[in-house]
Structures are given as C-alpha cells and as structure tokens.
Amino acid sequence: MQALWISATGMKAQEMRINVIAHNLANVNTTGYKASRLELEDLAYETLKAQGAQAAGGTQIPTGIQIGLGVRLSAIQKNFLQGDYQQTQNPLDLAIQGRGFFQVMLPDGTLAYTRAGAFKISQDGTLVTSEGYPLQPEIVIPREAQTITVLPDGTVSVTLPGETAPRELGRIELADFVNPAGLKAMGRNLFVATEASGDPITGNPGEEGFGTIAQGFLEMSNVDLVGEMVELIMAQRAYEINSKVIQAADDMLTSTVNLKR
Amino acid sequence: MASIEFVSGIVGASVGFEGWLEVISHNLANLQTPGFKRHLLSFESEEYETSETEKGFLIRPQKVTLDLSQGLIKATGNPLDLAISGEGFFVVQTPVGERFTRKGDFSVDRNGFLVTKEGFQVLGEGGPIEIGRGREIVINESGNVIVDGELIDTLRIVTFPKEAQLIPEGNGLIRVEKGEAIASVEFAVKQGFLESSNVSPIEEMVRLMNVVRLFEAYQKALQTSFEDLSRKLINEVIRV
C-alpha cells in the first residue's frame, strides 16, 4: 500500500512548513530578520506502464501509467525584501535603504554579513554589533566625541569638544551579492557567503546600486504576520488531509486482512 | 454465480483501486506545491465471457493524465516569483534536454542567470536569461524581462498540440513526447505571484471516500464468492 508512504511525505513536508512558520513568527520583532519560505516540489514518478510501449495487440500504449510518489522539500528560501523602518533616535542605529549588507568580522577572522544595524561602541571605541563583532572597515569613535553623524553615503563623522567643524572618521562600506538568497544564515542575524551566493561585491552606500544608510532607524523583521497566519492554517489543514489518506489506506488494508477469518 | 474468472476480476479491480488511492494521495501530498497539476487516473474495462450466458467485466487502470486547468494565483511579493495565467509553460534547460514547468519560483544563481530551485536555467527567446545584479527587475505580462530599464530578453512560454504527451518527471518538471513546442499566445506572466496547485481538497476527499467504499464492496463480493465457491466445491465432491 504505497499510499501510506505517499501521504507520509505530505505530512512531513507540512511539518517542515510549520517549523519554518514557527521560526518566522518567533522572529517577528527581530531587527533585520528576513523571513524564510519553504518551497515544495513533486517527487519522482514510478512507471507502471511505459508510454509508447507495445501493448498485447501490437498497438502502442498512448499515455501509460505513472504514479507519483509524493512531495518533497525543494528549498527554504530567505526573502530579502525590505523590512519596515523603526525610528529609534539612537545615533548608532543604522538601517540600509536598498540593497547591501553591513560587513562584520567574526572572531575567527571570516567576514559575515548583516542587515541588523544596531551597533554599539566597544570598550576601545570601535563600532561593533550586539555580539561584539567589529564592523568592517573598522571605525573607532573617540571617547570624548559629542555627537556622531552618519550620512546617507556612509560617512561617519563626530564633533569633538572645542572644535567647530565635524571630524570625519571613515566611511561604512556595504557588500552585496548577485544571489542573496544563496547566503547561509548563521543565526544572530548574520549571513555568510557560499558557493551559491557568489563572491561579495563591495561598494559605498548610495553608489552602483547600493542602498543608502539611514541613521537613527532600524530595519524591522520583514515577516508578514497575516500571511504567516494564513500559511499556518493552510499547513495544518494540509497535514490533516494527508493523515486522512493514511486512515483510508489503513481501512482498505483492514478490510483486506479481514477477508480471511 | 461465482466463478474463478469472477474472483480474478475482482482481485484485478482491487489492485486498480490501490493505484487510484496512490494517485489521490499523491495529489493531496502536493496540495500546496506551486505549479502542480492534478493527476487523473482513468480506468478501462475489458469484457470476458464467464459462461455461455454470462459476461463479466475486468476493470483496470489505463492511464494517468494531467489536469492542466489553471491553479489559483497567489501573491508573494517576490520579484522572481512568476505565475502564468492562461495557457503555456516556462522552458527550462536541464542536462537531459529541455523540460517544461508551471512552477515559477525562480532565483538568480551566482553567475546572475535566472534559474529554478534545482539550478536549471530558465530559457528566454535568446537562451539563458542573465539578470546579473540588477536592482530593478520588471517582468511584464508578455514575458519581457526588463532589468534597470533595459529589455534583456523575453521569456519563452510554450504550449503543445492536443496529441502531445505530457509526462511528469518530478521537481515540477514535465517532459513532452510526440509534440513540438509552439509559442503560446493566450497567457499573461504575473510577476510577484505563484500559481498554486490545482488540486481541490474537496474533490479529492470525495474520491477518497469513494475508493475506500468501493474497495470494501469489492472485498465483500470477493468474500461472498469465496464462500460460494467452497460451498459448491463441497456439494459437488459429496455428490461424487
């Protein structure tokens, strides 16, 4: 009774889908979070009667019988659509409007990419993420700085006591990918480049297709709450309906078993 | 009257019902697979003579066909999700030749080409479609791919003559035999949308109930004819 296994693939796929929805919903308020989406595709087919084969009377079988074997996961894709902005007034909260990622250095020396721009100042004055990973290229804010300004083009400047003109400290660089959906999510809002995403292309904000920096704003999660709830209902119902087929197959097996009393 | 042929006919039909159940369960497993087309199983019956006065029918599965009716078109907002409203398929280049699909959840690969989730290139009139790192990708209803205001290519949307055989291969791909692809005219490509599976859960549930009850009825008939046969056998043996 193949139907049991076919329906089981359907139930498994819906279970995965609920996992993805749960993760999205848990991150509905996570800064810079990008929603995941599960993609399904039909499984391979079993040929019971081949198309074009010779039938008993010497004629050709026109369509044949191919029985599908269920469904499987084809991808879990990150949706890199822009999230909404939240005004925070914090001068170190930076949001990217448009394409691009902030580059941060992990403790092991590799680069990671993030859209969560809630930066902090470390004890030695460098701009770091909430986990303490320094922004690349590094920007060091002097301790005595009065105000910090980040322009849309990424230029960071501060005013120092006794000086009237702001002093420029450096420029934030952004990285972009041909296929951002191919990035590997590492958790903590970080992504790393993979074979699928291609190599990072770096550039200045506002130039060559890169987005601009908005100071005092944070990019919110791009999870669409209503959409996720609808997906949840659909996944649950699809799960139920597949379990009904398993019951039906079981009923049929029971009646076969009961033939012999 | 029960006979050996009658019994074998019922057994054959029961096997057919199992195939039917498999088709239903495959359809329901793909209730939410984008671009999935419902499978229909048709049966054929064969007449045979059980005795000089009686005739029986054998029922067996004959073929599986695809129901190509339009699935619902669902908004996703993702610029690389494409749905075809109307007739036609996207053309995909696979290592074993051109394949056709209605599953338009495309991506851009590391080289900037428009690809399916398996990494197969989606074909336009001029071959693979290179989108690159375009900021603004617009695909209009006639399938023109416009990247940053520049027309790159036009998606190939094809259809097939009636006699062509569409054979599902899994991964949302369809192989076509006995029929040349012809450019479709009655379609609109919808950017930011995906076509849902055209499986109707209600219809499949009705079929499911139907197949289970029919199967039971056949089993009952089988059981009765077994009893009938053995009674006849015993009576005839006694008479001898």
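Each chain has its residues counted from 1, following the order in which its sequence is written. Following the order in which they are written, the chains are lettered starting with A and the ligands numbered starting with 1. Totals for whole chains, interfaces and linings use every residue, but because this is a predicted model, local features are given only for residues with pLDDT of at least 70 and side-chain atom pairs only at 80 or more, for both listing and counting.

Caption draft 1: Spatial organisation of the overall build of chain A. Summing up its helical and strand segments, chain A has 2 helices and 20 strands in all. The globule rule puts the C-alpha radius of gyration for 261 residues at 18 Å, and the 27 Å found for chain A is more than 25% above it. Expressed as lengths along the three principal axes of its C-alpha atoms, the size of chain A is roughly 100 × 40 × 30 Å. Scored against the burial criterion, the 261 residues of chain A give a buried share of 36%. Partitioning the intrachain contacts of chain A with sequence separation of at least 6 by distance along the chain shows that 63% fall at a separation of at least 24. Starting at the N terminus, helices and strands are each numbered in turn, a helix being any DSSP run of H or I of at least four residues and a strand any DSSP run of E of at least two. Atoms counted for the radius of gyration: C-alpha only. Globule rule: 2.2 Å times residue count to the power 0.38. In this scheme every C-beta is placed from the backbone, and a residue whose C-beta has 20 or more other C-beta atoms within 10 Å is buried, one with 12 or fewer is exposed, and one in between is partly exposed. Note that contacts rest on C-beta atoms placed from the backbone: two residues are in contact if these are within 7 Å.

Caption draft 2: Spatial organisation of the sheet that holds strand β12 (residues 147-150) of chain A. Residue and element names in this part refer to chain A. One open sheet accounts for 3 strands, arranged β12-β13-β14; its pairing is antiparallel. The open sheet has two edge strands, β12 and β14 (167-171), and neither has a second partner. Across the sheet, the mean angle separating the axes of adjacent strands is 20° when strand polarity is ignored. Any two strands between which DSSP finds at least two bridges are classified as paired. With axes taken as lines fitted to C-alpha atoms, and helix axes fitted only over the stretch in contact, angles between N-to-C directions fall between 0 and 180 degrees.

Caption draft 3: Seen up close, the sheet that holds strand β12 (residues 144-147) of chain B. Residues and elements named next belong to chain B. Within the open sheet, the 3 strands sit side by side as β11-β12-β13. Their pairing is antiparallel. Single-partner strands in this sheet number two, and they are β11 (137-139) and β13 (150-154). Averaged over all pairs of adjacent strands, the angle between their axes in this sheet comes to 25°, without regard to strand direction. In this structure, β12 lies alongside β13, joined through 4 bridges in antiparallel fashion.

Caption draft 4: Structural detail: the domain arrangement of chain A. All names here are of chain A. In this document the domain limits rely on a domain assignment from an automatic tool or a database. The domains assigned to chain A are domain 1 (2-80 + 223-257) and domain 2 (85-219). Measuring from the centre of the C-alpha atoms in domain 1 to the corresponding centre in domain 2 gives 41 Å. The partner domain 2 presents 12 residues to the 6 residues of domain 1 that form the contact. A breakdown of the residues in the side of domain 1 that touches domain 2 according to their chemical character gives 2 nonpolar, 3 polar and 1 charged. Three classes are used: nonpolar for Ala, Val, Leu, Ile, Met, Phe, Trp, Tyr, Cys and Pro, charged for Asp, Glu, Lys and Arg, and polar for all others, with Gly counted as polar.

Caption draft 5: Representation of the nonpolar core. Counting residues in hydrophobic clusters, the biggest one holds 56 residues, and the most contacted among them are Tyr113(A), Leu135(A), Phe90(B), Leu114(B) and Val122(B). Non-local contacts of Val122(B), meaning those with residues more than four positions away in its chain, are made with Phe90(B), Val92(B), Phe106(B), Leu114(B), Val115(B), Thr116(B) and Ile129(B). Think of a nonpolar core as buried Ala, Val, Leu, Ile, Met, Phe, Trp, Tyr and Cys residues, each tied to the set through C-beta atoms within 7 Å. Counting residues in each nonpolar core, the second largest holds 38 residues, with Leu40(A), Ile10(B), Ala13(B) and Val64(B) among its members.

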